[in-house]
Amino acid sequence: MSKLLEVSNLHVSVGEKEILKGVDLTINAGEVHVLMGPNGTGKSTLGFALIGNPKYEVTEGKIVFKGEDLSDVEVNNRAKKGMFLSFQNPLEVPGVTLSSFIRSALEQKTGERVKLWEFKKKLDATLDILQMDHSYAERDLNVGFSGGEKKKAEILQLLMLEPEFAILDETDSGLDVDAVRTVSAGIEEYQKRVGGGLLIITHSTKILESIHVDQTHVMIGGTIVKTGDSSLVDIVNEKGFESYGE
Amino acid sequence: MKMNQLPAFTFAKLDLNFAEPDYEPGKTKEIKITESSVINYNEASDVKLKITAEENKEISVFVLFTARDTLYLKAELEAKKASKIKLVEIDASLNEGRLISDVRGECKEDAKIELVQVFPGLGDIYSDCTIELTGDRSFFESRTSYLSRKGKKTDLNYVANHRGKDTLSEIHADGILKDGAEKTCRQTVNFISGAAGSKGHETEHVLLLGDDIVNKSVPLILCTEEDVEGTHGAALGSLDDEMLFYLESRGIGREDAEKLIINATFNKLLRYIDDEETKEKTEHLLEEVLV
Amino acid sequence: MEDKTYVEDIDRSLYDFRNADEDAYRLKDGLTEEIVLQISKEKNDPDWMRDLRLKCLEIYQKTDMPVWGPSIEGLDMDHIATYVRKNTKMADNWDAVPAEVKDTFEKLGIPEAERKSLAGVGAQYDSELVYHNIREDVAKLGVIYTDIESALYGEYADMIKEHFMTLVPPTDHKFAALHGAVWSGGSFVYVPKGVKVDIPLQSYFRLNAKGAGQFEHTLIIVDEGADLHFIEGCSAPKYNVANLHAGCVELFVHKNARLRYSTIENWSKNMYNLNTKRALVEEGAKMEWVSGSFGSHISYLYPTTILKGDDSTMEFTGISFANTDQNLDTGAKVIQLGKRTSSYMNTRSISKGGGVSTFRSSIEIRKSAEYSKSSVSCASLMLDSISRSDTIPAMDIRTKTADVGHEAQIGKISDDAVFYLMSRGMSEEDARALIVSGFAEDVSKELPLEYAIEMNNLIRLEMKGSIG
């Protein structure tokens, strides 16, 4: 299997403070990895570092995506290369509708004008999968959306932009059971449409019930302390993180 | 001429108590309007529109301005009981163009006056609007978007005089300043004794994108009535870093993000244009002048 | 609309007592070159000061009244005595102060505060200081706290000449020019490099004479890395003729220094308070203003901060309470010149009994002030519908890297809140007073405890007799 993402000895600081202290992680094309760990341990930092948030400074180590070192690649170009981060707290962008936003992003990626009719058809079908009313497409991006609606809007973008690799940062947190099921259906659809690699940062197992997990990682204190198969998810859920030095 | 006068003057040194465009209107042609209409101006004119909405009637008037000259537009609005007047001004003027708009209006019981201003053009804008909310439960809503750039002056003034009970005003202006832009925006909510139960809200958002800019903002709340609620909020700054990062994480670069936001500022107002033909035309004009 | 009962005459006896002062020396009313020269002679001015006075008078006569703000038509300079002095010399112990004057300051609690919580006190009675003293341990640190008149001839004479009316030039506005022509009294403070004065200094200004003006000048220089809290208090008994206060405060805050300037202003309600305060703030330094305006008939008061140095900051916290016969036009101004400067204003204003309160501000962020910030938050409370409350802020921003936020709101006391408190057994009057105190909390918490208590007393005093 070809290597999609290779993270080696990654150290990341925010301001003066080092948060990630040497992370190694390899994700092959089409694989689903789960990242677990207590709060404040650096999981979201890894997500931001991968997508290239300038506030998260890589002080050591590197990120290689599809064989290319991303050190000098800016965030928007990482996105164009096929990387996607589902934000924990998506931002509100007044005046930009969800639909026109996705269209702009697609046009940026392909460099071609998106054909309106086909786009609309695909968007509506995707909204249906996520059980979102079609009117959401014409609402301002995330403005006045509930927590659950924002998360669905992130998955909508995932399905429309079809990146090869996506990081889902606690996309399931704060959602009720039905919404988790919908998001989960969205992820399955993504695997069906694109078959891309996934890094799922989560606290719960619900979102994973219908998804095949290839590897599970436990992060504590800025490093990955344990890697295993999908059964590790259950072990962590039963016993917590104590056994890993928490 | 002198216009855009602040209802209460402030420090004279700031030079914003009024505006003095270098123009004297000639004899104005008066046009009486009682039905929805679309009016196009593509050359210099001095015009007076007398817009009257009869009781329980709703009318929309669209004024499109595309020229290299001065349009002096005086509009007198009378919204009778439970009526609604929507006045939409679209300025897609070219270099050297100038729109001088002076709107006065009165809102009777349960009536509404809505002012929508789409100002992406290249010429100067002087816009004055004072609405008397005399009737109980009358409502004034004003929404303005502008793009100001080098050599262009944008000078705005909005006044809502709350006189009737339970009246409401919503005064909102959003704009973008590019290199060399000069803009002044005055907003006043005036609660006059007797206007019990009234509410007034002003907001201003200014996106600062260029160098050598001059941005003046004066949001007034004047009040002689106890039982009211008035608020003002203003935010001025460059593109928010986090918002920019969010857009970039979807592959949209800084320059494109700026374009997207500029378009968004105007797109928000397109929703208020309920005449399909005018809307399409405006969209077309926006594409032309927003390059 | 509900009827409200007002008790017109609230008890201000705490501040409203007068002395006959038959032994006082008083120049005749009005403003002429002759009078200015007489003041100059009386005060034994150096030549440069006399010349400055005359120049100021000339500017005063040429300058127009402001085109904005409350009317000051009721103020007639022909009926104001610009100089009134008690026949006594400035003392450094209270026993040497004439009994009547000492008694005045006792009633105002000044000597007691000095013993308990101040590093030094200056007390001005009409045009001249009657008392000035600084704690020995503070003086040993090299801190100078004295009247300006003696400083004009002492070791710091050059420093005074270098700074006096340079920050507030007489050309600034008509009453700055007036001040320059007839100024008398006030304090000079110098805090040397690195010296931190950890308890406050206080100057108190009492205007006792009827139909007179007070024109004290306060000049404070806080040198590099030094730290000072200065408190200014003022009051006067009420007369049926106009009195005038046109003081001037010039503050120089050097690199990495901090100055907090607190004022509790409680002039009588026949006072025209046309005061000018300005601070020049250097690199990394911090200016903090705390301002409570309760008294006066008319006030024009907008402390101004010039953030000249990079990374300098200012904070302004203010409250004003306008009651019957009062028109208080107050606020703050800031001019940001240095990079990464920041300004923060937080104000409350209350209007009642036909009083007018106006919050007026201006924020200027100049082109050089890259990456500077400003945030303004002002709230106004209307306690009835015969009063007036205006909010008149202005912003002039000239760099795209600025980040400016502004919010204002106006409203009334929530009936629900009053009802809630009354349901717990409180009277309506107490409930309303409590809510207003809560509204003012942001400001009072910035004051030293005793002054916060004084401010709350003032609020309670003003709230008395308002029953909705």
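This one's a predicted model, so the numbers in the text were calculated from it and none came from an experiment. (Residues numbered from 1 in each chain as written. Chains lettered and ligands numbered in written order. Predicted model: local features only at pLDDT ≥ 70, side-chain atom pairs only at ≥ 80, totals over all residues.)

### Quick look at helix α2 (residues 47-62) of chain C
Residues and elements named next belong to chain C.
- Between its first and last C-alpha atoms α2 spans 23 Å; for 16 residues at 1.5 Å apiece the expected length is 22 Å, and the two agree.
- Residues of α2 that are buried: Met49, Leu52, Arg53, Cys56, Leu57, Ile59 and Tyr60. The arc that holds every buried residue of α2, seen down its axis, measures 165°, which confines them to one face. For α2, the exposed residues lying more than 90 degrees away from the buried face are Asp47, Trp48, Asp51 and Lys62. (Helix = DSSP H or I, 4+ residues; strand = E, 2+ residues; numbered from the N terminus. Expected span 1.5 Å × (residues − 1). Buried ≥ 20, exposed ≤ 12 C-beta atoms within 10 Å, placed from the backbone. Arc of directions from axis to C-beta.)

### Considering the pairing of strand β19 (residues 304-307) of chain C
Residue and element names in this part refer to chain C.
- Along β19, one buried face is formed by Thr304 and Ile306 and the opposite face, lined by Thr305 and Leu307, is buried too.
- With four bridges joining them, strand β16 (residues 276-281) and β19 adopt parallel strand pairing. Bridge pairing in β19 places Arg278 opposite Thr304.
- Direction of pairing for β19 relative to strand β21 (residues 327-336): parallel, over a ladder of four bridges. If you follow Thr305 over to β21, its bridge partner there is Val334. (Pairing = 2+ DSSP bridges.)

### Describing the interface of chain B and chain C
- Listed as interface residues are 39 residues of chain B and, on the opposing side, 33 residues of chain C.
- Counting only elements with at least two residues in the side of chain B that touches chain C, the list comes to β15 (214-223) and β16 (228-237) of chain B.
- Residue composition of the side of chain B that touches chain C, by class: 21 nonpolar, 12 polar and six charged.
- Relative to strand β26 (residues 403-412) of chain C, β16 of chain B runs antiparallel, the two sharing seven bridges. In the sheet register, His232 of chain B faces β26 of chain C, and the bridge partner there is Ala408 of chain C. (Contact = placed C-beta atoms within 7 Å. Nonpolar A, V, L, I, M, F, W, Y, C, P; charged D, E, K, R; others polar.)

### A few points about the domain arrangement of chain C
All names here are of chain C.
- Assigned domains of chain C: these are domain 1 (18-410) and domain 2 (413-468).
- Opposite the 21 residues of domain 1 that make contact, domain 2 presents 17 residues.
- For the side of domain 1 that touches domain 2, the secondary-structure elements that each account for two or more residues are α4 (110-117), β14 (258-266), β17 (286-293), β20 (313-322) and β22 (342-351).
- When residues in the side of domain 1 that touches domain 2 are grouped by element, the largest group, four residues, is from β20.
- Of the residues that constitute the side of domain 1 that touches domain 2, the class distribution is 11 nonpolar, eight polar and two charged. (Domains from an automatic or database assignment.)

### Some remarks on the nonpolar core
- One finds Val222, Val253 and Leu259 of chain C to be the most contacted residues of the largest nonpolar core, which totals 277 residues.
- Here this core takes seven residues from helix α2 (residues 254-270) of chain B, the largest share from any one element.
- Each of domain 1 (18-410) and domain 2 (413-468) of chain C contributes no fewer than three residues to this core.
- Those residues in contact with Val253 of chain C that lie beyond four places of it in its chain are Val222, Leu259, Ala279, Leu280, Val281, Glu282, Ala285 and Met287 of chain C. (Core = buried A, V, L, I, M, F, W, Y, C linked by C-beta atoms within 7 Å.)

### Overview of the pairing of β21 of chain C
Residue and element names in this part refer to chain C.
- With 10 of its 10 residues buried, β21 lies for the most part within the structure.
- Burial along β21 is two-sided: the residues Asn327, Asp329, Gly331, Lys333 and Ile335 and Leu328, Thr330, Ala332, Val334 and Gln336 are all buried.
- Note that strand β18 (residues 298-301) and β21 share four bridges and pair parallel. The residue bridging Leu301 from the neighbouring strand is Thr330, located in β21.
- Note: β21 against strand β23 (residues 356-365), 10 bridges, orientation parallel. Bridging from a neighbouring strand, Asp329 pairs with Thr358 of β23.

### Some remarks on the packing of helix α3 (residues 98-110) of chain A against helix α5 (residues 147-161) of chain A
Residues and elements named next belong to chain A.
- The interhelical angle for the contact between α3 and α5, taken along N-to-C directions, is 35°, at an axis separation of 10 Å. With respect to the hand of their crossing, α3 and α5 are arranged in right-handed fashion. Contacts from Leu98, Ile102, Ala105, Leu106 and Lys109 of α3 reach α5 at Ala153, Gln157, Met160 and Leu161.
- Of the residues contributing to the contact of α3 with α5, the split by class is seven nonpolar, one polar and one charged. (Axes fitted to C-alpha atoms, helices over the stretch in contact; angles between N-to-C directions. Left-handed = near helix turned anticlockwise from the far one by under 90°.)

### Description of the interface of chain B and chain A
- In this complex, chain B contributes 16 residues to the contact, which on the side of chain A involves 20 residues.
- Mapped onto the side of chain B that touches chain A, the elements with two or more residues apiece are α1 (241-248) and α2 of chain B.
- Top contributing element to the side of chain B that touches chain A by residue count: α2 of chain B, with six residues.
- Split into classes, the residues belonging to the side of chain B that touches chain A amount to six nonpolar, five polar and five charged.

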